[in-house]
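Letter by letter, the chains look like this.
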Amino acid sequence: MHTELTNSLTPHICNADPTAIVQLLQAIPEWPGFDHGGSKEDFWHWRYDTSREHNLISTICQGSKAVSHAASLPTSILINGRVLRGAQWSDFFTDPEFRNQGLIEKALNNLEDSETTAGIEADFSFPSPAGYTIGINSGLQEIPCRFKQYELIIDPDRFFGNSKTGKVKKLAYETAMYLKSNETSNIKGIRVEEVNEFPQDIDDFTSDFEMDYDLSIRHSREYLTHRYLHPHGGVYTVSVAKCNGKTCGYMVSRFYSVDGMKYMDIVDLCANSHSAVRILLNRSTELCRNYGSRTIQIWISSRDWISYDIARFGFKALKPIAGERVMKFLIRRFDGGHIPRDPICHLMLGDSDWV
């Protein structure tokens, strides 16, 4: 009797049901951290039902209580022109009362076995600082994508204030933006509209776009629809650019507020030309003003050719604030294939599980 009781109280690998997992993950402050339709359990099903089908959820229980969780999201990834069956790590977490017992490592070992059994060819992560250490210790390697966070000031009056220095900065900024708007207004033949579904030719467009890079998420129509247009997955605005009836770019925007302040992020952006990027960025300023945010922010690799247009349009690179989470990318291949050491990447905030 005593042995059975002890075993039942020993943390062990288990198949926890969604409700038990959601109860565990709710201990993460404000999980999932952004607005979405439905309940938190609805969000969990949106994010993890496909993972559950492939046995890519690993939980540790004490009795019937889930106390540690590691999972990965099936996500196709393109490396050196080849599309691989990928899996993105997501929501690694251990109940604070059960930490320092090696439970997340135990859950991760079980997850890794499940990934190889499921035929996953590469797993990857946009890690937190703690997740970075776990990833490196597990054999993932950091790709030097050199992510930068860019910001565009939309409301210079409120942003710079009325001091002498503020007025000088505001004048310089408004002059630069005037020149950029004139440059953009001369682009003809491209129109942009907000849509409730991705166009039928989006697969052909993104396939061509991704071939410019050594590493990118595979932005299929199925992936994009699930990622940005499912009500339980978040609230996004999708803008599509067309030229002569064909898709030439898209942009995904996210709007949110913190302590009464409104913010806008561009979380995904693909285009087939510099002109299409600039037209989409021009639309982003309209959306931002309509929403009432002072700024637009965007994360992207500094070597992505799109970053040239972002800087030229007037976005400025932000210096990380002490203690602020910095975007990094870790990856490992199970198929023995080569991982480029210094690749040209197209990776953005929407490619991660941060939003």
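Sequence order as written defines residue numbering, which begins from 1 separately in each chain. Reporting of local features is limited, given that this is a predicted model, to residues whose pLDDT is at least 70; pairs of side-chain atoms are given and counted only at 80 or more, and all residues count toward the totals for whole chains, interfaces and linings. Excluded from the side-chain calculation are hydrogens and water; included are all heavy atoms of the structure.

1. Let's talk about the nonpolar core
For step 1, the next point in the chain: What we call a nonpolar core is a set of buried Ala, Val, Leu, Ile, Met, Phe, Trp, Tyr and Cys residues that are connected through their side-chain atoms within 4.5 Å. Here's how the labels work: a residue is buried when its accessible area is under 20% of the maximum for its type, exposed when over 50%, partly exposed in between, all with a 1.4 Å probe on protein chains only. In terms of nonpolar packing, the biggest core is built from 65 residues, with Leu269, Phe315 and Phe329 touching the most fellow members.
For step 2, the next point in the chain: The biggest single contributor to this core is helix H10 (residues 274–291), with seven residues.
For step 3, the next point in the chain: Formed by 19 residues, the second largest nonpolar core is a distinct cluster that contains Leu25, Phe43, Trp44 and Ala66. Each helix is a run of H or I in the DSSP string that is no shorter than four residues. Each strand is a run of E no shorter than two, and both are numbered from the N terminus.

2. Section: the pattern of salt bridges
For step 1, the next point in the chain: Think of a salt bridge as a Lys or Arg side-chain nitrogen and an Asp or Glu carboxyl oxygen that are within 4 Å of each other. Across all of its chains, the model carries 18 salt bridges by this definition.
For step 2, the next point in the chain: Note that Asp91 and Arg47 form a salt bridge whose closest N and O atoms lie 3.1 Å from each other. Separated by 44 residues along the polypeptide, Asp91 in strand S6 (residues 86–94) and Arg47 in helix H3 (residues 40–53) bring together distant segments of the chain.
For step 3, the next point in the chain: With relative accessibility at 13%, the residue Asp91 sits in the buried group.
For step 4, the next point in the chain: The exposure class of Arg47 is buried, given its relative accessible area of 8%.
For step 5, the next point in the chain: Linking Arg146 and Asp342 is a salt bridge whose minimum nitrogen-to-oxygen distance equals 3.3 Å. Note that Arg146 is positioned in the loop between strand S8 (141–142) and strand S9 (147–153) and Asp342 in the loop between strand S17 (330–333) and strand S18 (345–346), a separation of 196 residues in sequence.
For step 6, the next point in the chain: Residue Arg146 is classed as partly exposed on the basis of its relative accessible area of 45%.
For step 7, the next point in the chain: Classification of Asp342 as partly exposed rests on a relative accessible area of 40%.

3. Some words on the confidence of the model for the chain
In low-pLDDT segments, the atomic positions of the prediction should not be examined closely.
For step 1, the next point in the chain: In this model, the chain carries an average pLDDT of 90, and 89% of its residues clear a pLDDT of 70 or more.
For step 2, the next point in the chain: For every residue, the predictor states its confidence as a pLDDT score lying anywhere from 0 to 100. Contacts are assigned to residue pairs that have any heavy atoms within 4.5 Å of one another. Contacts for the low-pLDDT stretch residues 1–6, under 50 throughout, to residues beyond four places or in other chains number zero contacts.

4. Some points on unusual backbone geometry
For step 1, the next point in the chain: With an omega dihedral of 0°, the bond running from Trp31 to Pro32 counts as a cis peptide bond.
For step 2, the next point in the chain: Structurally, the position occupied by Pro32 is in the loop between helix H2 (18–25) and H3.
For step 3, the next point in the chain: Phi is positive for Asn100, which is not a glycine, with a value near 65°.
For step 4, the next point in the chain: Within the secondary structure layout, Asn100 lies in the loop between S6 and helix H4 (103–117).

5. Side note on the packing of H2 against H3
For step 1, the next point in the chain: All axes here are fitted lines through C-alpha atoms, helices being fitted over the stretch that makes contact, and every angle between N-to-C directions spans 0 to 180 degrees. Between H2 and H3, the shortest axis-to-axis distance is 10 Å and the interhelical angle comes to 115°. Between H2 and H3 the crossing geometry is right-handed. Together, Pro18, Thr19, Ile21, Val22 and Leu25 of H2 and Lys40, Glu41, Trp44, His45 and Arg52 of H3 make up the contact between the two elements.
For step 2, the next point in the chain: Put simply, Ala, Val, Leu, Ile, Met, Phe, Trp, Tyr, Cys and Pro go in the nonpolar bin, Asp, Glu, Lys and Arg in the charged bin, and everything else, Gly too, in the polar bin. Partitioned by chemical class, the residues of the contact of H2 with H3 number five nonpolar, two polar and three charged. Note on convention: the crossing is left-handed when the near helix lies turned anticlockwise from the far helix by less than a right angle, right-handed when the turn is clockwise.

6. Description of the layout of surface pockets
For step 1, the next point in the chain: In this structure, the second largest pocket occupies an estimated 560 Å³ of space.
For step 2, the next point in the chain: Elements supplying a minimum of two residues to the lining of the second largest pocket: H3, strand S3 (65–74), S6 and helix H9 (221–229).
For step 3, the next point in the chain: Broken down by class, the residue content of the lining of the second largest pocket amounts to five nonpolar, eleven polar and seven charged. In this analysis, the protein atoms alone were mapped onto a 1 Å grid. Cavities are point sets where a 1.4 Å probe fits without being able to get out; pockets are open sets with protein on both sides within 12 Å along at least five of seven lines; lining residues have an atom within 4 Å of a point. Grid points are joined across faces, edges and corners, and a volume is the space filled by probe spheres set on the points.

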